[in-house]
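So the chains spell out like this:
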Amino acid sequence: MPLRRWLRSSAAMTALPLMAAYMFFVLGDSTNFLEDNWLSATVLAASAGVMAMGPVCAAAGAWEGARLSRGRVEGAAPVRPPAVILAWSLLPILGTAVSGLLGALSLVAVAMADVPGLPAPSVLAVALLVIVAWTLVGFAAGRFLPPLLGVPLLLAGTWLWLAYPAALETFWVRHLTGNNLGFCCETGTTFHRGALTAQAILAVAVAGAAFLAWARHRGTRRAWAGIAGLPLAAAVVAFPLVRDMGPEAQVPRTDGLVCSRWDGVEVCVWREREKRLGFAAGIALPAVRRLSAATGLPAPGRVTEGPADGRTSWRFAVPPGAGGDDVLFGLATGLLPAAPPSCGPDWSGADAYAPMSAWLALTAGAGRDSVARRTGPASLGAAGRALALPPAGQARWFGHNLAALRRCDIPPREVTPL
Amino acid sequence: MRTWLQVHHVAWSALSLAMTAGVVAVAGDVLVPVPNLSQGDLDGVPLALIAPLAASAVLVRGVYAGPADLEAVAVRPTGAYRAGLVAAACAATLLAGLLLTATVPYGTAAARNLAGFTGLALVASRWRRDAATGVPTAYMIAAMLLGGGSGTGSPWDWAITDSPGLSSWAAPATALALGLLTCSVFPGRERAPS
């Protein structure tokens, strides 16, 4: 095999600079907004790779498919099976896609230099699968369409399929494309496994159908209907996996904590933040004791960035760059309900949220200026009014207003400044 | 003439123009989100500005269909026929866009894009005829990535400018004029994919 001629004649060589430029543009400044975990970096690289290379590889596939068609490989005496013929045309495009993904990973790796961990291989594998699937669709289209139609059709069509679902309010569609919008996940979350599985199922089916369409010289209507039905059947299988998903593919993370015990209390942070464990414990443990004494809540056995029940374990966060007041504010407000009850528009409980946040943060030891910036001067005034009460009165004030935040029939009390 | 029209898939070109007009009329204002670098966030480009890519590809495919060798030595002015086909298609689309301005908000801009895309493809056919329609598609994607978005825009990002103003017509009109010249005077050479 004359390798140089083989590579030079492939559309992938023409497409490579276009893909590289497009991917650079798609990545853009996004690396500045990465979370401190490798999953977010992998998703960004994979998303940029799929967005930049999917359409271009599909167009290159349409070109190569038309080339094979003009070469009449299907009509000639079969020296090699169709899969081998296709593979030799597909390999340069695939090699280009892999190089592009590795290039994107290298770019995000620079931004992740200080973060422990490794790229998520499953995300990269699904991205590559999506690119291969659309490239094979290009091959199939190229067999039937001249390059003048096939190339722009695949370039624009694939790009629309990847880009347009982000504009739809029907969220599940976007989780099937493999684009993933360039973002997932915060360090306290992980990628929805169902979404990744759905993308893989659909990509495999599309790839299979495209290959069969390319390889089939003649066929009955039933055979062609079977080929067309393959992606539809995959969509039916994949749909339940993403049906109930929201706009983003992230779900709460449950593993990957690093814990250490101080004074009988276990302090846990995400393993990416292991270096901040000592800092976190030094800030959080005294605050936990102060909050427990002031609120009357039993002291927790665990303070964690992971799942917490609010009784035996309390939640906090130590993201990179967070100072002591940030950690204290997160720990304090973690004691309040995350979502309001369904009480209707007349519910007044929400009025208690900011004053209670201010009171809890001040009790935990946060600075007044920092609390005022977050909750506003009125809430700070209300918290100051509560802090002037004797300890038992403060605990009663907290208990009453906590109940007001959880129930519809209890109005908040003393949540305005005097 | 009838044979020429059949060989150059004029019916398919007309059908694709009609279908594109239908898409522009029905769903032309649907915004397609695009990662735009100059604005730093997802920006929406109306579908009406993208849809003419398809009609342009079918039109250019029709223009260059047929036996090039025979047409090169034909007695009839086949170059003028090709240019006439493109000019007629673009003029008809522009007329429809202007007539329906009140009811189809992006009709004129879509007609402008059809003219610009077709012109670009015809010019690109001098370089490589079978890759010609990929050029306006790549141009459109580049304009969406780097362009200024909605409003008057710059002369080069006319393809994503929804304003029907004359300034946004300069580049596509030039491209169409050069394209008509290319396909009539310099029919170019057809290269099979290597």
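Conventions and cut-offs
Residues numbered from 1 in each chain as written. Chains lettered and ligands numbered in written order. Predicted model: local features only at pLDDT ≥ 70, side-chain atom pairs only at ≥ 80, totals over all residues. Helix = DSSP H or I, 4+ residues; strand = E, 2+ residues; numbered from the N terminus. Buried ≥ 20, exposed ≤ 12 C-beta atoms within 10 Å, placed from the backbone. Contact = placed C-beta atoms within 7 Å. Rg over C-alpha atoms; globule rule 2.2 N^0.38 Å. Expected span 1.5 Å × (residues − 1). Arc of directions from axis to C-beta. Pairing = 2+ DSSP bridges. Right-handed = clockwise from strand over helix to strand, strands pointing away. Axes fitted to C-alpha atoms, helices over the stretch in contact; angles between N-to-C directions. Parallel < 35°, antiparallel > 145°, perpendicular 65-115°, else oblique. Nonpolar A, V, L, I, M, F, W, Y, C, P; charged D, E, K, R; others polar. pLDDT = per-residue confidence, 0-100. Core = buried A, V, L, I, M, F, W, Y, C linked by C-beta atoms within 7 Å.

What follows concerns the overall build of chain B. From N to C terminus, chain B includes nine helices and two strands. Listed N to C, the secondary structure of chain B is α-α-β-β-α-α-α-α-α-α-α in terms of helices and strands. Split into buried and exposed, the 194 residues of chain B put 49% on the buried side. A sequence separation of at least 24 residues applies to 68% of the contacts in chain B between residues at least 6 apart.

Another aspect to go through is the overall build of chain A. Within chain A, the regular secondary structure consists of 15 helices and six strands. Since a compact globule built from 418 residues should have a radius of gyration of about 22 Å, the 28 Å found for chain A marks it as more spread out than a globular shape. Structurally, chain A occupies a C-alpha span of about 95 × 45 × 35 Å along its principal axes. When the 418 residues of chain A are sorted by exposure, 46% land in the buried category. In chain A, 74% of the contacts between residues at least 6 apart in sequence involve partners at least 24 apart.

Residue and element names in this part refer to chain A. Over its 16 residues, helix H15 (residues 391–406) runs 23 Å from end to end, which matches the ideal 22 Å to within 8%, given 1.5 Å per residue. Considered for burial, the residues of H15 that qualify are Trp397, Phe398, Asn401, Leu402, Ala404 and Leu405. The buried residues of H15 occupy an angular sector of 155 degrees when the element is viewed end-on, so they sit on one face. If you follow the buried residues of H15, they end up packed against helix H10 (277–295), helix H12 (353–364) and helix H14 (377–387).

This brings us to helix H8 (residues 134–146) of chain B. Taking 1.5 Å of rise per residue, the 13 residues of H8(B) would be expected to cover 18 Å, and the 18 Å separating its terminal C-alpha atoms lies within 8% of that figure. By the criterion of burial, H8(B) is predominantly enclosed, with eleven of the 13 residues buried.

So, about the pairing of strand S4 (residues 265–270) of chain A. Residue and element names in this part refer to chain A. Strand direction decides the pairing type here: strand S3 (residues 257–262) and S4, joined by six bridges, are antiparallel. Across the sheet, Ser260 pairs through a bridge with Val267, a residue of S4. Linking S3 back to S4 in an antiparallel pair, the connection comprises two residues, with Asp263 at a positive phi of about 50 degrees. Across three bridges, the pairing between S4 and strand S5 (residues 302–304) is parallel. Across the sheet, Cys268 pairs through a bridge with Thr304, a residue of S5. Considered for its hand, the β-α-β crossover made up of S4, H10 and S5 is left-handed.

On to the packing of helix H6 (residues 78–99) of chain B against helix H9 (residues 170–184) of chain B, then. All names here are of chain B. One can describe the packing of H6 onto H9 by two numbers: an axis separation of 7 Å at closest approach and a directional angle of 155 degrees. By the angle class used here, H6 and H9 are roughly antiparallel. Side by side, H6 and H9 meet where Gly79, Ala80, Arg82, Ala83, Val86, Ala87 and Cys90 of the first sit next to Leu176, Gly179, Leu180, Cys183 and Ser184 of the second. Class assignment of the residues belonging to the contact of H6 with H9 gives a composition of eight nonpolar, three polar and one charged.

A few words now on the packing of helix H8 (residues 193–215) of chain A against helix H9 (residues 221–242) of chain A. Residue and element names in this part refer to chain A. Contact geometry for H8 and H9: axes closest at 8 Å, N-to-C directions at 180 degrees. In terms of their interaxial angle, H8 and H9 are classed as roughly antiparallel. Of the residues in H9, those touching H8 at Gly194, Ala195, Thr197, Ala198, Ile201, Leu202, Ala205, Val206, Gly208, Ala209, Leu212 and Ala213 are Ile227, Leu230, Pro231, Ala233, Ala234, Ala235, Val237, Ala238, Leu241 and Val242. Each residue belonging to the contact of H8 with H9 can be placed in one class, and the counts come to 19 nonpolar, three polar and no charged.

The next point concerns the confidence of the model for chain B. Residues and elements named next belong to chain B. Averaged over chain B, the pLDDT score is 83; the fraction of residues at 70 or greater is 87%. At the level of individual helices and strands, chain B shows its lowest average pLDDT in strand S2 (residues 41–46), which scores 70, and its highest in helix H7 (residues 107–124), which scores 93. For this predicted complex, the interface confidence score (ipTM) comes to 0.79, while the overall pTM stands at 0.84.

What follows covers the interface of chain B and chain A. For interface size, the figure often reported is the accessible area lost on association. The interface is formed by 28 residues belonging to chain B together with 26 residues belonging to chain A. Broken down by secondary-structure element, the contributors of at least two residues to the side of chain B that touches chain A are strand S1 (31–36), S2, helix H4 (52–63) and H8 of chain B. Residue composition of the side of chain B that touches chain A, by class: 20 nonpolar, six polar and two charged.

Strand pairing in a sheet relies on backbone hydrogen bonds. The paired strands run either parallel or antiparallel. All names here are of chain A. Spatial ordering of the open sheet is given by S3-S4-S5-S6, a layout of four strands whose pairing is mixed. Every interior strand has two partners, whereas the edge strands, S3 and strand S6 (313–315), have only one. Each strand axis lies, on average, 20 degrees off the axis of its neighbour in the sheet, ignoring direction.

This part is about the environment of Trp359(A). All names here are of chain A. Relative to the assigned elements, Trp359 resides in helix H12. Separated by 115 residues in sequence, Trp359 and Asp244 have C-alpha atoms that sit 38 Å apart. Residues contacting Trp359, with those up to four places away along its chain left out, are Ala383, Ala386 and Leu387.

Residues and elements named next belong to chain A. Mapping Ser292 onto the fold places it in helix H10. Residues Ser292 and Gly194, 98 residues apart in the sequence, show an inter-C-alpha distance of 40 Å. The residues touching Ser292, leaving out its near neighbours within four places in the chain, are Leu297, Pro298 and Ala299.

Looking now at the environment of Val318(A). Residue and element names in this part refer to chain A. Tracing the sequence through the fold places Val318 in the loop between S6 and helix H11 (324–333). Given 24 C-beta atoms within 10 Å, Val318 falls into the buried group. Sequence-wise, Val318 and Ala354 are 36 residues apart; in three dimensions their C-alpha atoms are separated by 21 Å. With sequence-adjacent residues up to four places away left out, Val318 is seen in contact with Val269, Arg273, Arg276, Ala280, Glu305 and Val327.

Residues and elements named next belong to chain A. Membership of the largest hydrophobic core comes to 146 residues, with the highest contact counts inside it found for Val56, Ala127, Ile131, Ala133, Val137 and Ala210. Top element by residues in this core is helix H3 (residues 38–70). It accounts for 20 residues. In this view, Ala127 contacts Ala46, Gly49, Val50, Leu101 and Gly178; residues no more than four positions away in its chain are not counted. In terms of nonpolar packing, the next biggest core, distinct from the first, is built from 42 residues, Val318, Leu360, Ala383 and Leu405 among them.

Once that is clear, we can look at unusual backbone geometry. Most peptide bonds take the trans configuration, and most residues that are not glycine carry a negative phi. For the bond from Cys184(A) to Cys185(A), the omega torsion is 20 degrees, close enough to zero to count as cis. With respect to the secondary-structure elements, Cys185(A) resides in the loop between helix H7 (174–177) and strand S1 (189–191). Phi angles above zero are rare outside glycine, and Asn180(A) is one such case at about 60 degrees. Within the element layout of this structure, Asn180(A) appears in the loop between H7 and S1. A tally of 26 C-beta atoms within 10 Å means that Asn180(A) is categorised as buried. Phi at His9(B) is positive, roughly 50 degrees, even though this residue is not glycine. Relative to the helices and strands, His9(B) is located in the loop between helix H1 (2–7) and helix H2 (10–27).

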